[in-house]
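Breakdown of the fold
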Amino acid sequence: MTSTAANQADSQARSRRIIRQLRTGLGPLLAALILICIGLSIASPEFLTTSTLTNIMVQVSVVGIAAVGGTFVIITSGIDLSVGSLVALSGMVAATVMAGSSPDNVALGIAGLGVALVVGALVGALNGLSVAWLRLVPFIVTLAMMAMARGLTLAISDGRTKFDFPNAFTAFGAKTLVGLPAPMIVMLVVFVIGHVLLRKTTFGHQVFAVGGNKEAARLAGIPVNRVIFLTYTLAGATAAVAGIVLAGRLNSALPSAANGLELQVIAGIVIGGTSLAGGRGSIVGTFIGVVLIGVINVGLSLLGVNPFWTQFIQGGVIFAAVLLDAVSQRRKL
Amino acid sequence: MNSERGSEVSTGNPHHAVTNAGSTVAAPPLLRMEGIVKSFPGVKALRGVSLELQAGHVMAIVGENGAGKSSLIKTLSGAYEPDEGTIEINGQPLARGTHAAIDAGVAVIYQELSLVNDMTVAENLFLGRMPSRSGLVLRKRANEMARTALAQVGLEGVSPSMRLGDLPLNKRQLVEVAKALARDARILVMDEPTAALQREDIANLYAVVRRLRETGMGIIFISHHLEEVFELADSAVVMRDGATVGARAMAQWTEQDLVQAMVARNLDSFYPWEPRDYGPVMLEVRNLASPPVLRSASFSVRAGEIVGIAGIAGAGRTELLKAIFGALPLSGGEVLIRGQKVSIGSPAQGVRNGLVYTSEDRKLEGLVLDASIEENVALSSLLALATGGFVSNTKKRKLAQEASTRFGVRASSVMQITGNLSGGNQQKVILGRATATQPAVIMLDEPTRGIDVGAKTEIYAHMVSMARAGAAVIMVSSELPELLGMSDRVLVMYRGNIVTEIPRDKADSETVIQWATTGVGA
């Protein structure tokens, strides 16, 4: 087989794979998103406006940013339940560091950002350490961490909300850049970095291998424990970024912030086609999944649906997504 | 003379006479398997096997790996449905399926025990059929019944209400026998029952088997240990290539006969072996130990050499390779690569030190089945393919295409998912991955398991070219012909130790089997 012929065969295979992806992978999801958007713009003239669309992006930004790290964890067949608490904890620690600051204090603002990131990554690293080297069950470890991080948030804030941060800190939640809100821009940047990290780097390849077959990856010389450790650390770091955006947007750190966020994060990831069994998934899928949830939420409120039903419908969407994925996987076999 | 008198006495009762005479003709045997044929796509696993087992007899089935022993047992247990042939128990044809076999009194004890560690001993004995009344389990009654069954296997000291997982492995195996008794089994089949046992436990198991024989049970056991066969069995059946090639009472077998009957005679030019020049010592291993299986192993391999490791299942061959590679923890010993002492704590370090290992289990430990050929080939070389952490797609593609071409992987492209490839092509992908790191030492664990003949010869040719290119090649194989056909010399392992080293010109099947099954030479 000459190399040009091989290349040709490969590009053919690649286009076949893209077609198959459209049929079984992200295709149906994207189609669903587009259909819902078309339906909503017919039903409600307010839907297809810049303000509604950017509003959706801002609303999903916190979940979306946290879901980027979560996608890595889930591809290794792990799970991280502590992200919601981590969003709150990193915001609260930053708020404590920045206490009593004037709006112009750039140094303190940067310190707040740094501290938030360090706290998030550190707690994530603890998760990773426990899962990778201590071989504890991810579900339980991160459940425990969820409680501990939330408890710590309540303890250091004494249950009270903290206000008034330097502008250098709130910029990431409150500013706009070329007319676009900062949370949306931060989210898009994090998604792009996440996508490149997952698709293009050694680390990303290792993440897929570990999730696809841990023992094969180990015997192929991949440092499985280190890879797992890094995914949880990354999830902690993206939760911290989400915490910075949330605190900045509200210009306050709430002890109860992001309560239950982990479920929305997992929902977004799973709707996006990442398999809880590991080895399969994409950052692009997670983005579509998270946006889909946001569109449905906003859409339902535009349509005047009783907000009590929103959660029910969200649950239905998750169920449908998982079912669809299972059916298409089974058909492949 | 007596019979004459007997018939005289019984003239008034013709029925009696007939029965008397008939006793030499046929009370049907406990088990009769006749002309059993079983095919799988591409393989004929059983080609007309027949055997008879009498009540109160112990029958050994021996044969090399792949001879069809396991398939035969699975046919008897109802797990496989034979394509042709009949199975009769006490003259009654056996209905299909595992339930029918159990109801007919067939109990099979596999090497991997089928017990639930987190349940009590009694619950295990009566799994799925605990004595109950109107939906409530009668625990007391179950425990009483369990005590009887346990006593029969010499486990009087074991409480029926203790958690099974708290028992040591040797006792759990006896619990499995007790489970068969609790089901009123009449035919007990044991697959390599002593493989995981220590010496004293083996003696204990022998005693139990003898006691069961007294009670009229028919016992079949599969074993690689010939000393065991001679100690325990009343008769032995030898299988080879899916057929029985000999069945005699034990008194009529000698060890040598058995070994000869087991061995196929076609060591021909099928193997592309030829003499090679050797380079320096690439790998040296001194007193390597990794409990519980690997006790102590010392050997060395030169560049350009192909060294085969023989041994029966459980002898520690896989463990030896994995211990060298860093995939199993060491309790002692040292590894030297190119004369340098190295400390290898993980497979990642093993790869960095110029080692590669390909697993005997392609699906569980070899491939990421959901991923493409390209991704699988690249797995061990990701660092080499990357600049600043970014993997070059071009380099990755090139690496995969080269490996794919060199090993002749038959696939539409390197983008194809490996899960859909044939076993031979999967193995070639793994070899492509292994050689992509330019290793000094290549360790192949059962490299041709489950692969068709054509792909096998290709893989043999690749082994030769790897050795020619200067790698030290180590092969573990349970297929004796291939081991003898491909190896420059053969190391034999027995119960965790390397017991001998046999040069190619002295390595024949009889010698290797002798060492592998007894741990000593003839």
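Residues numbered from 1 in each chain as written. Chains lettered and ligands numbered in written order. Predicted model: local features only at pLDDT ≥ 70, side-chain atom pairs only at ≥ 80, totals over all residues.

So, on to the interface of chain B and chain A. Each partner contributes residues to the interface: chain B has 34 residues there, and chain A has 29 residues. For the side of chain B that touches chain A, the secondary-structure elements that each account for two or more residues are helix H12 (347-352), helix H13 (362-366), helix H15 (382-385), strand E20 (390-391) and helix H16 (393-407) of chain B. With four residues, the top contributor of residues to the side of chain B that touches chain A is H12 of chain B. (Contact = placed C-beta atoms within 7 Å. Helix = DSSP H or I, 4+ residues; strand = E, 2+ residues; numbered from the N terminus.)

So, on to the nonpolar core. Judged by nonpolar contacts, the single largest core of 256 residues is most densely connected at Ala66 and Val87 of chain A together with Ala178, Val189, Met443, Val473 and Ile474 of chain B. Sorting elements by how many residues they give to this core places helix H11 (residues 224-250) of chain A first, with 17 residues. Residues in contact with valine 473 of chain B, not counting those within four places in the same chain, are Glu305, Ile306, Ile442, Leu444, Met463, Met466 and Ala467 of chain B. (Core = buried A, V, L, I, M, F, W, Y, C linked by C-beta atoms within 7 Å. Buried ≥ 20, exposed ≤ 12 C-beta atoms within 10 Å, placed from the backbone.)

So, about the pairing of strand E18 (residues 355-358) of chain B. Residues and elements named next belong to chain B. Across the two faces of E18 the burial is the same, with Leu355 and Tyr357 and Val356 and Thr358 all buried. Here four bridges tie E18 to strand E21 (residues 441-445), and the two strands are oriented parallel to one another. Bridged to leucine 355 within E21 is valine 441. (Pairing = 2+ DSSP bridges.)

Attention now goes to the confidence of the model for chain B. With 92% of its residues at a pLDDT of at least 70, chain B reaches an overall mean of 87. We note a pTM of 0.76 for the whole complex and an ipTM of 0.83 for its interfaces. (pLDDT = per-residue confidence, 0-100.)

Another aspect to go through is the domain arrangement of chain B. Residues and elements named next belong to chain B. By domain assignment, chain B separates into domain 1 (32-262), domain 2 (266-354 + 439-522) and domain 3 (357-431). Averaged C-alpha coordinates put domain 2 and domain 3 at centres separated by 24 Å. Between domain 2 and domain 3, the residue contacts involve 19 residues of the former and 11 residues of the latter. Going through the elements one at a time, helix H11 (317-325), E21 and helix H18 (453-468) are the ones with two or more residues in the side of domain 2 that touches domain 3. The residue inventory of the side of domain 2 that touches domain 3, partitioned by class, reads 10 nonpolar, three polar and six charged. (Domains from an automatic or database assignment. Nonpolar A, V, L, I, M, F, W, Y, C, P; charged D, E, K, R; others polar.)

Time to look at the sheet that holds strand E10 (residues 218-222) of chain B. Residues and elements named next belong to chain B. One open sheet holds the six strands; their spatial order is E6-E9-E10-E3-E11-E12, and the pairing between them is mixed. Each having just a single partner strand, strand E6 (106-109) and strand E12 (243-249) make up the two edges of the open sheet. Neighbouring strand axes in the sheet, compared pairwise and without regard to direction, differ in orientation by 15° on average. Bridge count between strand E3 (residues 58-62) and strand E11 (residues 235-240): four bridges; the pairing is parallel. Within E11, the residue paired with valine 62 across the bridge is valine 238. Strands in contact with helix H3 (residues 69-76) are E3, E6, strand E9 (187-191), E10 and E11; relative to E9, the strand with the most contacts, it is inclined by about 150°. The sheet contacts of helix H8 (residues 199-214) involve E3, E9 and E10, and relative to E10 the element is tilted by about 150°. (Axes fitted to C-alpha atoms, helices over the stretch in contact; angles between N-to-C directions.)

Here proline 291 of chain B and proline 292 of chain B are connected by a cis peptide whose omega angle stands at 5°. Looking at where proline 292 of chain B falls in the secondary structure, it is placed in the loop between strand E13 (281-290) and strand E14 (294-302). In this structure, aspartate 158 of chain A takes a positive phi of about 55° despite not being glycine. When you line up the elements, aspartate 158 of chain A lands in the loop between helix H6 (138-157) and strand E1 (162-163). You can call aspartate 158 of chain A exposed: it has 8 C-beta atoms within 10 Å.

So, on to the pairing of strand E15 (residues 306-310) of chain B. Residues and elements named next belong to chain B. For E15, the tally of buried residues reaches five of five residues, placing the bulk of the element in the interior. A two-sided burial pattern is seen for E15, the buried positions comprising Ile306, Gly308 and Ala310 on one face and Val307 and Ile309 on the other. Looking at chain direction, E15 and strand E22 (residues 472-476) are connected through four bridges and run parallel. Paired with valine 307 across the bridge in E22 is isoleucine 474.

Residues and elements named next belong to chain B. Here glycine 432 is to be found in helix H17 (residues 423-436). Here glycine 432 falls in the buried class, since 25 other C-beta atoms lie within 10 Å of it. Placed 48 residues apart in sequence, glycine 432 and alanine 384 show a C-alpha to C-alpha distance of 15 Å. If sequence neighbours within four positions are ignored, glycine 432 has contacts with Val377, Ala403, Ser404 and Phe407.

Let us look at the environment of glycine 154 of chain B. Residue and element names in this part refer to chain B. Relative to the assigned elements, glycine 154 resides in the loop between helix H6 (139-152) and helix H7 (169-182). Measuring from C-alpha to C-alpha, the distance between glycine 154 and glycine 314 comes to 26 Å, with 160 residues separating the pair along the chain. Not counting residues up to four positions away in its chain, the partners in contact with glycine 154 are Leu174, Asn204, Ala207 and Val208.

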